[in-house]
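Residues per chain are reported as follows:
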Protein chains: 2
Amino acid sequence: MRIAIADDEELFRKGISMLLTDFEGVELAFQAGNGQELLDQLAAVETQPDILLLDLNMPILDGVEAAKILQEKYPELKFIVLSSYYSKAFIVKMIELGAAAYLVKNSTPEDMEHTIREVAEKGFYYDDKVMSVIRDNIITKTRPPSRVSFRNEISNREQEVLQLICEELTTPEIAARLFISPRTVHGHRNSLLSKLDCKNTAGLVVVALQEGLVDIKRMRF
Amino acid sequence: MRIAIADDEELFRKGISMLLTDFEGVELAFQAGNGQELLDQLAAVETQPDILLLDLNMPILDGVEAAKILQEKYPELKFIVLSSYYSKAFIVKMIELGAAAYLVKNSTPEDMEHTIREVAEKGFYYDDKVMSVIRDNIITKTRPPSRVSFRNEISNREQEVLQLICEELTTPEIAARLFISPRTVHGHRNSLLSKLDCKNTAGLVVVALQEGLVDIKRMRF
DNA sequence: ATGAAAATAGGCATTTCTACCTATGCCTTC
DNA sequence: GAAGGCATAGGTAGAAATGCCTATTTTCAT
């Protein structure tokens, strides 16, 4: 089984390489320090690696962008995403881009070997944490806006206003859409800022998207 | 742990009941022969069951319809879908409706016990087959809209400004952070609005998050 | 070295946002 | 029936954002 590594940290790459050599039947295909190098190497080698360990944080061409290209040009290549943290947004994004697994960097070597072997055998491997994120994502995405965390705290009207803010409407536009006074929209916006503990509109949108408080289907894309 | 069963076949229900009594710490809450009976029983009992085994094929009110109502009225109730076949469409549908697990009827008692225990402990359990269906569904659902990446269009400085906007900084704050004039930040912000085709800050944040143009790790949560 | 793009910065005008207030009518819950 | 939450709406201010201009310097590639 040939494994390639794409990570910007030299030391990390070397460390992983050492670990991989200890694994039965595993061979290092090549290493890359950024997404561009990775693509260059993939284009250069004659036999493609079976599995790629792909770091999210890389200069020049990062993991997300690299994954988009991989999905297009090398759909057969199974890649395991390496990241420092469990980030909801990244997990979802990378799974959507075809990631075979999502491995946090402070996992044990045993975790890594297990992940690699599962990916080799079944084509993918999602641990409990990742599955949980995926499940949340499926359920909240299809059951439009309905969630527990902040969902309990904000009122229906506030949610409507939040939705429209995320759809790039200004206060007067929202007022017109909801047939209420702009001042009322102000009030709801202020409640949202307070309840969601934000400093400005940007914060509201971040929280709304991260917490699934709005219906993404109604938005751009 | 109290478990309820909803299945139209008397013999199957009895058989499952017998099996359940063999499991450590498991107690039968009640049985129902169709969806309507299930809802009646749920409304009647004083203490809700912890887990529900829900058959898909039932007369009067089938599993799918029952699940919709369960999701609405008893969102806390974890239900395990029982079905005769692995059907992609059903798996996807039921997971969307909040199913905690999908168990085919010719599984072994050990499989069933394992599923029940995992659901009790983690809140859900998807076996390899189910996971595979979910994965296919996610990837194919999100692949079509292959839109252009904005990554290449925005400059480094613009990306930095975008990042800080998403971190809820105002223009003067961003200017101070980057040691440049607020007017320059204005310029970058305007370029972003233009390049990303947005109407306001809210739009910028939406695009930034959806397209992964910013480092989520540096943000709230 | 010439042109293109990026980064820098400003003027001016308007709109929008945010932060303090107050206040009323309508529900539901206790 | 009192209390509290919600939706409604307004006053006043100042801060921020947005639009539409111009202009310089740097940087990079042809």
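Quick caveat, the model's predicted, so the values are computed rather than measured.

We now examine the overall build of chain A. On a plain count of helices and strands, chain A comes out with 10 helices and 5 strands. For 221 residues, the compact-globule formula gives about 17 Å, and the C-alpha radius of gyration of chain A, at 22 Å, lies well above that figure. Seen through its principal axes, chain A has C-alpha atoms that stretch 70 × 30 × 30 Å. For chain A, buried positions account for 55% of its 221 residues.

Moving on, we get to the protein's contact with DNA strand D. Neighbouring DNA strand D are 17 residues; Ser155, Ser181 and Thr184 of chain A together with Thr171 and His186 of chain B lie closest to it. In DNA strand D, atoms within 4 Å of the protein come 72% from sugar and phosphate. Backbone polar atom of Ser181 of chain A to a phosphate oxygen of DNA strand D: 2.6 Å apart, as the coordinates give it. Contact between DNA strand D and Arg183 of chain A: a base nitrogen at 3.1 Å from a side-chain N or O atom of the residue. Looking at which element gives the most residues to the surface near DNA strand D, the answer is helix H9 (residues 182–195) of chain A, with 4 residues. Within the surface near DNA strand D, the residues separate by chemical class into 3 nonpolar, 10 polar and 4 charged.

The share of residues in chain A with pLDDT of 70 or more is 91%, and the mean pLDDT across the chain is 83. Counted against residues more than four places away or in other chains, residues 143–148 of chain A, with its pLDDT under 50, gives 14 contacts.

For the rest of this paragraph, the subject is the nonpolar core. With 104 residues, the main nonpolar core has Leu54 of chain A together with Leu54 of chain B as its most contacted residues. Those residues in contact with Leu54 of chain A, other than ones at most four positions away along the chain, are Ala6, Leu38, Gly63, Ala66, Ala67, Leu70, Phe79, Ile80, Val81, Leu82 and Met94 of chain A. Residues Cys166, Leu169, Ala175 and Cys198 of chain B belong to the second largest nonpolar core, which totals 48 residues.

Residue and element names in this part refer to chain B. Helix H3 (residues 63–73) packs onto helix H2 (residues 35–44) with a crossing angle of 25 degrees between their chain directions and a minimal axis gap of 9 Å. Taken together, H2 and H3 sit at an angle that is classed as roughly parallel. Residues Gly35, Leu38, Leu39 and Leu42 of H2 form the contact with H3, whose participating residues are Ala66, Ile69 and Leu70. Considered class by class, the residues forming the contact of H2 with H3 number 6 nonpolar, 1 polar and no charged.

The next point concerns the domain arrangement of chain A. What the domain assignment lists for chain A is domain 1 (2–139) and domain 2 (150–218). For domain 1 of chain A and domain 2 of chain A, the distance between their C-alpha centroids amounts to 37 Å.

As a further point, take the sheet that holds strand E2 (residues 27–32) of chain A. Residue and element names in this part refer to chain A. In space, the 5 strands of this open sheet follow the order E2-E1-E3-E4-E5, with parallel pairing throughout. Edge positions in the sheet fall to E2 and strand E5 (101–104), since each of these pairs with one other strand and no more. Averaged over all adjacent pairs, the angle separating strand axes in this sheet is 20 degrees, with direction ignored. Sheet analysis places strand E1 (residues 2–6) next to E2, joined by 4 bridges and oriented parallel. Bridged to Arg2 within E2 is Glu27. Helix-sheet contacts for helix H1 (residues 10–22) involve E1, E2, strand E3 (51–55) and strand E4 (78–83), and the interaxial angle to E2 is about 175 degrees. Running at roughly 130 degrees to E2, helix H2 (residues 35–44) makes contact with E1, E2 and E3 of the sheet.

About the cut-offs
- By convention here, each chain's residues receive numbers from 1 onward along its written sequence.
- All chains are assigned letters beginning at A, and all ligands numbers beginning at 1, according to the order in which they are written.
- Only residues with pLDDT of at least 70 get local features here, since the model is predicted, and only at 80 or more are side-chain atom pairs given and counted; chain-wide, interface and lining totals rely on the full set of residues.
- Derived side-chain values reflect all non-hydrogen atoms in the structure, with water molecules and hydrogen atoms excluded from consideration.
- A helix here means a DSSP run of H or I that spans at least four residues, while a strand means a run of E at least two residues long, and both kinds are numbered starting from the N terminus.
- Here the radius of gyration uses the C-alpha set of atoms, whereas the globule reference equals 2.2 Å times the residue count to the power 0.38.
- Burial status follows relative accessibility: with a 1.4 Å probe on protein chains alone, a residue under 20% of its type maximum counts as buried, one over 50% as exposed, and anything between as partly exposed.
- When we say a residue is near a molecule or strand, we mean one of its heavy atoms is within 4 Å of it.
- Polar contact is defined as a pair of N or O atoms within 3.5 Å, subject to the rule that within protein one atom must be able to donate a hydrogen and the other to accept it, and that residues adjacent in sequence are counted only when both atoms are side-chain atoms.
- Basically, the charged four are Asp, Glu, Lys and Arg, the nonpolar ten are Ala, Val, Leu, Ile, Met, Phe, Trp, Tyr, Cys and Pro, and anything else, Gly included, counts as polar.
- For every residue, the predictor states its confidence as a pLDDT score lying anywhere from 0 to 100.
- Residues count as neighbours in contact if any of their non-hydrogen atoms are within 4.5 Å of one another.
- To define a nonpolar core, start from buried Ala, Val, Leu, Ile, Met, Phe, Trp, Tyr and Cys residues and group those joined through side-chain atoms within 4.5 Å.
- Orientation is described by axes fitted as lines to C-alpha atoms, over the contacting stretch for helices, and by angles from 0 to 180 degrees between their N-to-C directions.
- Here the word oblique covers every angle except those under 35 degrees (roughly parallel), over 145 (roughly antiparallel) and from 65 to 115 (roughly perpendicular).
- Residue ranges for the domains trace back to a domain assignment, done automatically or taken from a database.
- The rule for pairing is simple: two strands pair if DSSP sees at least two bridges between them.

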